[in-house]
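So you can see what is in the structure, the chains are spelled out below.
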Amino acid sequence: MEGSGGNSNRTSGGLAGFFGGSGSGMSYSNADLAGVPLTGMSPLSPYLNVDPRYLIQDTDEFILPTGANKTRGRFELAFFTIGGCCITGATFGAVNGLRLGLKETQKMAWSKPRNVQILNMVTRQGALWANTLGSLALLYSAFGVVIEKTRGAEDDINTVAAGTMTGMLYKCTGGLRGVARGGLTGLTLTSLYALYNNWEHMKGSLTQQSL
C-alpha cells in the first residue's frame, strides 16, 4: 500500500511538472534562461531556438523562366475568361429558361409533358447564353492578344480597343448601324471596367493634388 502510494505521488508529481504545475518536475531558473540568444528584443524559447528572420520570405516563392513576366498576360487569362463566361452564360440561361418554362406552362397541371417542356426550355436557354457569352469572350481575348503583341504593351488601351472591336465584329451583320451600336456598347462597357480598375489610383492622385 505504501509503495503504491509512493508511485502515485511520483506519477502525479511528474505530470504536474510536465504541465507546468508545482511538484518535482523539471523547471528552469533565471540563470538557465539567461544564456538563451535574443533576436531583436524577443526572447527565443529553448525548445524553438530558430531565428524568425529566416522564416520571412522577402523574395518570390516561385521560379520564373528567363524573360518571363511576373504577371499573367492576356493569352494566359484568355482561357479563364472564356471558360468563366461560358459557365456564367449557362447558369444565367438555365435560370432564365426555368422562369420562362414556368411562365409558359403555368396553366398546365404538374405532369410529365410539363416537366419535359420546362427542361427543354432550360437546356435551350442555357446553351444559347453560354454560346453567346463564350463567343464574345473568345473575340475579346483574341483581339486583346493581337493588340498586346502589336503594341508591345499591356494597359487599359488594349482593353478598350479589344472591347470596341469585339462589339463591332459581333454586330457586323446588322449593317453600319449595327456596327456602330456594337462598337459603342463595347467601348462603354470596357471604359467602365477600366475606370473601375483605376479608381483607387485616380482617387489617390486627386487627393494628392488637393493637398
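Residues numbered from 1 in each chain as written. Predicted model: local features only at pLDDT ≥ 70, side-chain atom pairs only at ≥ 80, totals over all residues. Heavy atoms only, no water.

### Here's the deal with helix H3 (residues 74–104)
- Under the 1.5 Å per step criterion, the end-to-end length of H3 is 43 Å for 31 residues, consistent within 8% with the ideal 45 Å.
- Residues Arg 74, Ala 78, Gly 89, Gly 93, Asn 96, Gly 97 and Gly 101 constitute the buried set of H3.
- Packing partners of the buried residues in H3 comprise helix H4 (112–151) and helix H5 (156–170). (Helix = DSSP H or I, 4+ residues; strand = E, 2+ residues; numbered from the N terminus. Expected span 1.5 Å × (residues − 1). Buried < 20%, exposed > 50% of the residue type's maximum accessible area, 1.4 Å probe, protein only. Contact = heavy atoms within 4.5 Å.)

### Re the UniProt feature "transmembrane region" (unreviewed entry) in the protein chain
- When the UniProt feature table is mapped onto this chain numbering, "transmembrane region" (unreviewed entry) sits at residues 77–98 and 128–147.
- Between the C-alpha atoms that bound residues 128–147 there is a distance of 29 Å. The span itself is 100% helix and 0% strand. (UniProt positions renumbered as here; feature names shortened; annotations may be inferred.)

### Re the pattern of salt bridges
- For the structure shown, the criterion picks out one salt bridge.
- Residue Asp 155 pairs with Arg 151 through a salt bridge whose shortest N-O separation is 2.9 Å.
- According to the relative accessible area criterion, Asp 155 is partly exposed, its value standing at 28%.
- Looking at Arg 151, the relative accessible area reads 38%, which means it is partly exposed. (Salt bridge = Lys/Arg side-chain N within 4 Å of Asp/Glu carboxyl O.)

### Side note on the layout of surface pockets
- Computed from the structure, the largest pocket encloses a volume of approximately 860 Å³.
- At the level of elements, H3, H4, H5 and helix H6 (175–197) are the ones that each hand at least two residues to the lining of the largest pocket.
- When residues in the lining of the largest pocket are grouped by element, the largest group, eight residues, is from H6.
- Classifying every residue of the lining of the largest pocket by side-chain character gives 11 nonpolar, 12 polar and eight charged.
- The residue makeup of the lining of the largest pocket includes at least three contributed by each of domain 1 (72–152) and domain 2 (153–199). (1 Å grid on protein atoms, 1.4 Å probe; cavity = no way out; pocket = protein on both sides within 12 Å on 5 of 7 lines; lining within 4 Å. Points joined across faces, edges and corners; volume = space filled by probe spheres on them. Nonpolar A, V, L, I, M, F, W, Y, C, P; charged D, E, K, R; others polar. Domains from an automatic or database assignment.)

### Comments concerning the packing of H5 against H6
- Taken N-terminus to C-terminus, the directions of H5 and H6 make an angle of 155°; their axes are 6 Å apart at the nearest point. Relative to H6, the element H5 is oriented roughly antiparallel. Crossing handedness for the pair H5 and H6: right-handed. Residues Asp 156, Thr 159, Val 160, Gly 163, Thr 164, Gly 167 and Met 168 of H5 lie in contact with H6, whose contacting residues are Val 179, Gly 182, Gly 183, Gly 186, Leu 187, Thr 190, Ser 191, Tyr 193 and Ala 194. (Axes fitted to C-alpha atoms, helices over the stretch in contact; angles between N-to-C directions. Parallel < 35°, antiparallel > 145°, perpendicular 65-115°, else oblique. Left-handed = near helix turned anticlockwise from the far one by under 90°.)

### Observations regarding the side chain of Ser 141
- Locating Ser 141 in the fold gives a position in helix H4.
- Judged by relative accessible area, Ser 141 falls into the buried class, the value being 9%.
- The contact partners of Ser 141, leaving out residues within four places of it in the chain, are Ala 78, Thr 81 and Ile 82.

### Section: a nonpolar patch on the surface
- A contiguous nonpolar patch, built from Leu 192, Leu 195, Trp 199 and Met 202 and spanning about 390 Å² of accessible area, is present on the exposed surface.
- Sorting the residues of the nonpolar patch by element identifies H6 and helix H7 (199–210) as the ones contributing at least two each.
- When you line up the elements, Met 202 lands in helix H7. (Patch = residues over 30% accessible without salt bridge, like charges linked within 9 Å, V, L, I, M, F, W, Y side chains within 5 Å. Areas by Shrake-Rupley, 256 points an atom, 1.4 Å probe, with all protein chains shown as cover.)

### Concerning the state of the cysteines
- Across all of its chains, the model carries zero disulfides by this definition.
- Cys 86 takes part in no disulfide bond, and the closest cysteine sulfur to it belongs to Cys 85, at a distance of 7.1 Å. (Disulfide = S-S within 2.5 Å.)

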